[in-house]
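Overview (structure and organization)
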Amino acid sequence: QVQLVESGGGLVQAGGSLRLSCAASGRTFRNIAMGWFRQAGGKEREFVATIVWDGTHTVYADSVKGRFTISRDNANNKVYLQMNNLKPEDTAVYYCAGSLRGSYTVTRASNFDYWGQGTGVTVSS
């Protein structure tokens, strides 16, 4: 089992930045692909970004490409989502997720095995 805890959410003005963190505990973190998803009120959970176990490959949703960066620190069992130039439409609860498909750039929620509780991000216009 892997336990995931997100932090770093909050309220920010449009154009601002936030960095989300996800701390992992449990089984070997370095073998797991990690991802970020988000869910706005009344909408389905959507993919944001993913990173393979060694950090060499990443994939982003088109809506965040060029603004968000996913990274990981395997020595400290953490994954990050740096969010720049935030827009009101980025407002959502952001979830950290882990997949046992460690070598793959996993984008489907159904292919993730572990989930955090989420952290809220609100972007005001």
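Below, the discussion takes up the side chain of Ser99. Residue position: Ser99 is located in strand S9 (residues 92–99). A polar atom in the side chain of Ser99 sits 3.1 Å from the backbone nitrogen of Arg101. Setting aside its immediate chain neighbours within four residues, Ser99 contacts Ile32, Ala33, Val106, Asn111, Phe112 and Asp113.

A few words on the nonpolar core. One finds Met34, Trp36, Val79, Leu81, Met83 and Tyr94 to be the most contacted residues of the largest nonpolar core, which totals 35 residues. At the level of secondary structure, the elements contributing two or more residues to this core comprise strand S1 (2–7), strand S3 (18–26), strand S4 (33–39), strand S5 (46–51), strand S7 (68–73), strand S8 (78–83), S9 and strand S11 (119–124). Contact partners of Val79, with chain neighbours within four places excluded, come to Leu20, Ser21, Cys22, Phe29, Met34, Trp36, Ile51, Ile70, Ser71, Arg72 and Cys96.

With that settled, consider the environment of Ala14. Within the secondary structure layout, Ala14 lies in the loop between strand S2 (10–13) and S3. With relative accessibility at 41%, the residue Ala14 sits in the partly exposed group. Measuring from C-alpha to C-alpha, the distance between Ala14 and Thr107 comes to 27 Å, with 93 residues separating the pair along the chain. Contacts of Ala14, omitting those with residues within four sequence positions, involve Leu86, Pro88, Val123, Ser124 and Ser125.

With that settled, consider the pattern of salt bridges. Scanning the model with the defined rule gives four salt bridges in all. When the shortest N-O distance is used, the salt bridge between Arg38 and Asp90 registers 2.9 Å. Of this pair, Arg38 sits in strand S4 while Asp90 is found in the loop between S8 and S9, placing the two residues 52 residues apart along the sequence. The closest approach of N and O atoms between Asp62 and Lys65, which form a salt bridge, is 3.0 Å.

A word on the side chain of Ser21. By the element assignment, Ser21 lies in strand S3. By relative accessible area, which is 16% here, Ser21 ends up buried. In contact with Ser21, not counting residues within four places along its chain, are Val5, Glu6, Ser7, Trp36, Val79 and Tyr80.

Calculation criteria
Residues numbered from 1 in each chain as written. Predicted model: local features only at pLDDT ≥ 70, side-chain atom pairs only at ≥ 80, totals over all residues. Heavy atoms only, no water. Helix = DSSP H or I, 4+ residues; strand = E, 2+ residues; numbered from the N terminus. Polar contact = N/O pair within 3.5 Å; in protein donor to acceptor, adjacent residues only side chain to side chain. Contact = heavy atoms within 4.5 Å. Core = buried A, V, L, I, M, F, W, Y, C linked by side-chain atoms within 4.5 Å. Buried < 20%, exposed > 50% of the residue type's maximum accessible area, 1.4 Å probe, protein only. Salt bridge = Lys/Arg side-chain N within 4 Å of Asp/Glu carboxyl O.

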